[in-house]
Amino acid sequence: MNYGKQSTEKKIRSANSKARKYTTKVFLAFLKSLFVLCLFGSIVVASICFGMVKGIIDNAPDVDIATIVPNEYATTVYDSAGNVTETLVTAGSNREEASYEELPKNLVNAFVSYEDSRFWEHNGIDLRSILRAVRGVLTGDSTAGGGSTITQQLIKNSVFGGGMEKGFGERLERKLQEWFLAVKLDEAMSKEQIITNYMNTINLGNNSLGVKVAARRYFNKNISDLTLSECAVLAGITQNPSKFNPITGQKANSDKQKVILQYMHDQGYITKQEEDEALSDDVYSRIQNVDTATKETSTPYSYFTDELVEQVKKAMKDQLGYTDTQAHNMLYSGGLSIYTTQDPAFQAIVDEEINNPENYSAARYSVEYRLSVTHKDGTTTHYSEENIKRYHKENADTGFDGLYNSEEAVQADIDGYKAYLLKDGDTILGESLHKTLQPQASFVLMDQKSGEVKAISGGRGQKTASLTLNRASGTYRQPGSTFKILTAFAPAMDTCGATLGSVYYDSVYTVGNKTFSNWYSSGYQGYSSIRDGIIYSMNIVAVRCLMETVTPQLGVEYAKNFGINSLTDTDYNPALALGGITTGVSNLELTGAFATIANGGVYKKPIFFTRILDHDGKVLIDNTPETHRVLKDSTAFLLTDAMAGSMESSRKFSSSGPGSTSASARIPGMSGAGKSGTTSANNDVWFVGYTPYYTAGIWAGCDDNQKLTKQNGGTSFHKAIWRKIMTRVHEGMSDPGFPVPDSVETAQICRKSGKLAVTGVCNNDPRGNAVYTEYFAKGTVPTDVCNNHVRATVCSVSHRLPTPYCPERTTAIFMAIPAGEEGATDDSKFAMPGYCTIHSANSIILPPGDNLDSPSGLPQQYGPGYTPQNPGGTTQIPPWGGY
């Protein structure tokens, strides 16, 4: 029994042992499987992480590490003398590059001591700083500092646009790529290059990018002249340019400056004495003084720069294929060097004379007014200067023309208008007022040989903003009589066979429903040449030349070749000859057109710059003006000679003719040629002229088209301004005159026919000698003789055609009047007269109905020139009718 019991117990123990062994085996198998699974999982996770990191690194921006340098530099503009005239700045693009040699040691040490104390030792990333930063994040210690090195910050600013990622994943990706690129950059670039590029890149507030700009903005110093205290001020800005701005955040910056100076002392860069001296420096007072001076002296772009900006952007689009955005970005942040055509001495002269109040007899003001009012019922209404004009009209103020005699008068009128307008319960939301001097003027001065614009003024009075209204290039006004040259007289002589001597009959002239008139009150002049039409600005001559010789279609074509780009399909009409066009022209275009004539007929598009260099000094654009021939050199000279006559004091060959139109613009001691222009309602006045050296155009008028009455300055002040400017511009220059080209010859002609003069006839015109020497393009000298002057036998008593009863006779010169012309002219005063009425028929009985005052009244038995003593007479008179 005992044996059996023991045997059973043994079996039970054996079974338990086997169970334990099995359980142990299973557990060990589980642990082994779990270990393998964890190992596999770890390998997978590690592989994934490695793959992700490798992918992030592989996707790092594809940049040439050796060329990581700051971008978005300001563009510098130079005048023709090499002076800096403007710095084209937009937010974030006024950076200027400093070399390492320019950087003061204290400035480098200030940045290194605070931003990256192990900068000179690590390989682009600092593991100590990274671990310290991580510990600070985990423990909430905000004083632990950041983990980014200066090298990383350069990568962040240059490659990653400042690191503006929003999500954690994006920031982590950028940080991994930043570390990778920082190590590569440290291998490819010296520490000196890295710190220099970093200091040229950083934002230091007040739109100051880089330490060089900041030194000038805050201290008005070259960067190499900064003191220790000033270096510490700049180093304290970069962490937060808004918070630590030394102008607006003086206390915060001062606190940071103290910390930086302490770091510099602790790291052995400066002594305790130097630290104390820097702390005692009243640097922030100097900063405030510089800031005040900077604000007081800051000025908007000049009118020249305004137009330069437009031309540069257009050139970039046309020549480089840039879009508008690309051109804008390159101009304002490409660090370009733009060399302009502006002559600083000439520009100063133009600015002085255009703005000299002594050159104007009127100083009135136009206003741009805005008023926003919320009424008692909650509605809001916006008012402008147009409402003020209606206010005056409703109150029957017929004398109000929109202009004021003083700034005080402006304010008084606005106060009166508001008193009239505002009711109880009304609230003014906003109000603005801008006053502009009137009349206004614009001026363009250019070198006709090169096409270079030397000076420009877009308006009279203080310029208050950049890229505003430029009356020289951006305003289009009616050109008046200046257009006679471009659309009528130039094509007539250049293409249509006319000459300066070609005549048109100045009398009543109607085309369709439009009857044209002249500007002068001395009456119609009869036969008048193209030379007369230019010198005395004769409207009828110009219109008849366009309609009878040129055609409006050809006139428009010539104007376009002269560089006038504003003509429309509605301008093919007679008014084209007088500048009555739909859109008008700009002063810049009109001056360029006349420069074509001054340049021997070759058009050169006006340019404002000669070349543009990129930030590395390579030529981006070499600006050669667009050039094409518009006129023969002979035509250009003929027009020049006639326009030179308009600047000489003279009166038309006439019994009471108009005077030359531009004598008041004549430059003492210098040859000049030019053409005036005045619109029919006296809204616009022009003078465009040239010398052997320069071409200049002036426009004057009121911005809102008020008439240039005496109260508003009159219609002649602009010529005096033109003369004053051009006299000063040409001071000390010799006068070479306008050389006669080989393609031109001379001949004596009659000024009343434009044909060869008849000796004894044309020189005996009742008003004087009508024979003069004229210039002609070779091959165009007339071969016909004058047929507008007529010699006839007249009664010596009545000076009318003789009857058979006139006892004494003589000869006289008369004008043959074209058939169909109506109205009295200066020539019609000297037309062939009727028959003598003094001597009556005592011995001859006339047939019934005969009238001695008419050709048909002459008795048939008596021939022309009959006298009782000489029946059948031999002295001939012209055929009846005058030809």
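None of the values given here were measured: they were computed from a predicted structure.

Contact pair helix α17 (residues 482-494) / helix α21 (residues 587-598): the axes reach a minimum separation of 11 Å and the direction vectors enclose 55°. Viewed along their axes, α17 and α21 adopt a mutual orientation that is oblique. As for the relative orientation of α17 and α21, their crossing is left-handed in sense. The residues of α21 that touch α17, namely those facing Thr482, Phe483, Ile485 and Leu486, are Leu590, Ala593, Phe594 and Ile597. Grouping the amino acids of the contact of α17 with α21 by side-chain chemistry returns seven nonpolar, one polar and no charged.

In this section: the sheet that holds strand β17 (residues 673-678). What the five strands build is an open sheet, ordered β8-β7-β19-β18-β17; its pairing is antiparallel. Each edge of the sheet is formed by a strand with only one pairing partner; in this case those strands are β8 (453-457) and β17. Sheet twist, expressed as the average angle between the axes of neighbouring strands with direction ignored, equals 5°. Most of the contacts of α17 go to β17, to which it runs at about 110°, and overall it touches β17 and β18 (684-690). Where helix α23 (residues 717-729) meets the sheet, it contacts β7 (440-446), β17, β18 and β19 (695-701), and its direction lies at approximately 150° from that of β19.

Turning our eyes to something else, we now look at the pattern of salt bridges. Should the charged atoms of two oppositely charged side chains come close, the side chains can pair. Summed over the entire model, instances satisfying the criterion amount to 33 salt bridges. Note that arginine 370 and glutamate 385 form a salt bridge whose closest N and O atoms lie 2.8 Å from each other. One end of the pair, arginine 370, is in strand β4 (residues 364-374); the other, glutamate 385, is in helix α15 (residues 385-394), and 15 residues separate them in sequence. Residue glutamate 385 is classed as buried on the basis of its relative accessible area of 16%. Linking aspartate 826 and arginine 767 is a salt bridge whose minimum nitrogen-to-oxygen distance equals 2.8 Å. Of this pair, aspartate 826 sits in the segment after β23 (809-815) while arginine 767 is found in the loop between β20 (744-750) and β21 (771-777), placing the two residues 59 residues apart along the sequence. Given a relative accessible area of 16%, arginine 767 falls into the buried group. Within this structure, Lys752, Asp765, Arg767, Asp826, Asp827 and Lys829 form a network of salt bridges that share partners.

Let us look at the side chain of threonine 596. As for its position among the elements, threonine 596 is in helix α21. A distance of 3.0 Å separates a polar atom in the side chain of threonine 596 from the backbone oxygen of glycine 592. Excluding residues that lie within four positions of it along the chain, threonine 596 makes contacts with Phe562, Gly601, Val602, Tyr603 and Val630.

A few words on the confidence of the model for the protein. Taken as a whole, the protein shows an average pLDDT of 86; of its residues, 82% reach a score of 70 or greater. Low pLDDT, under 50, characterises residues 136-145; the predicted model gives this stretch four contacts beyond four residues in sequence or across chains.

This part is about the sheet that holds β4. Within the open sheet, the three strands sit side by side as β5-β4-β6. Their pairing is antiparallel. Either end of the sheet is taken by a strand with one partner, and the two such strands are β5 (380-384) and β6 (427-438). Averaged over all adjacent pairs, the angle separating strand axes in this sheet is 5°, with direction ignored. As paired strands, β4 and β6 are joined by 11 bridges and run antiparallel to one another. Directly across from glutamate 368, in β6, lies its bridge partner histidine 434. Contacting β4 and β5, α15 runs over the sheet at an angle of about 80° to β5. Sheet strands in contact with helix α16 (residues 407-421) are β4, β5 and β6, and its direction is about 150° off that of β6.

Among the 12 residues that make up helix α19 (residues 539-550), nine are buried, leaving the element largely enclosed by the rest of the structure. Where α19 is concerned, the buried positions are Asn539, Ile540, Val541, Ala542, Val543, Arg544, Cys545, Leu546 and Val550. Directly beyond the C-terminal end of α19, a positive phi value near 85° is found at threonine 551.

Geometrically, the link from glutamine 438 to proline 439 is a cis peptide bond, its omega value of -5° lying close to zero. Among the structural elements, proline 439 can be located in the loop between β6 and β7. In this structure, leucine 467 is a non-glycine residue whose phi angle is positive, near 55°. If you trace the backbone, leucine 467 turns up in the loop between β8 and α17. In this structure, histidine 799 takes a positive phi of about 60° despite not being glycine. Mapped onto the elements, histidine 799 comes out in the loop between β22 (789-795) and β23. For histidine 799, a relative accessible area of 46% translates into the label partly exposed.

Cut-offs used in this document
- Residues numbered from 1 in each chain as written.
- Predicted model: local features only at pLDDT ≥ 70, side-chain atom pairs only at ≥ 80, totals over all residues.
- Heavy atoms only, no water.
- Axes fitted to C-alpha atoms, helices over the stretch in contact; angles between N-to-C directions.
- Helix = DSSP H or I, 4+ residues; strand = E, 2+ residues; numbered from the N terminus.
- Parallel < 35°, antiparallel > 145°, perpendicular 65-115°, else oblique.
- Left-handed = near helix turned anticlockwise from the far one by under 90°.
- Contact = heavy atoms within 4.5 Å.
- Nonpolar A, V, L, I, M, F, W, Y, C, P; charged D, E, K, R; others polar.
- Pairing = 2+ DSSP bridges.
- Salt bridge = Lys/Arg side-chain N within 4 Å of Asp/Glu carboxyl O.
- Buried < 20%, exposed > 50% of the residue type's maximum accessible area, 1.4 Å probe, protein only.
- Polar contact = N/O pair within 3.5 Å; in protein donor to acceptor, adjacent residues only side chain to side chain.
- pLDDT = per-residue confidence, 0-100.

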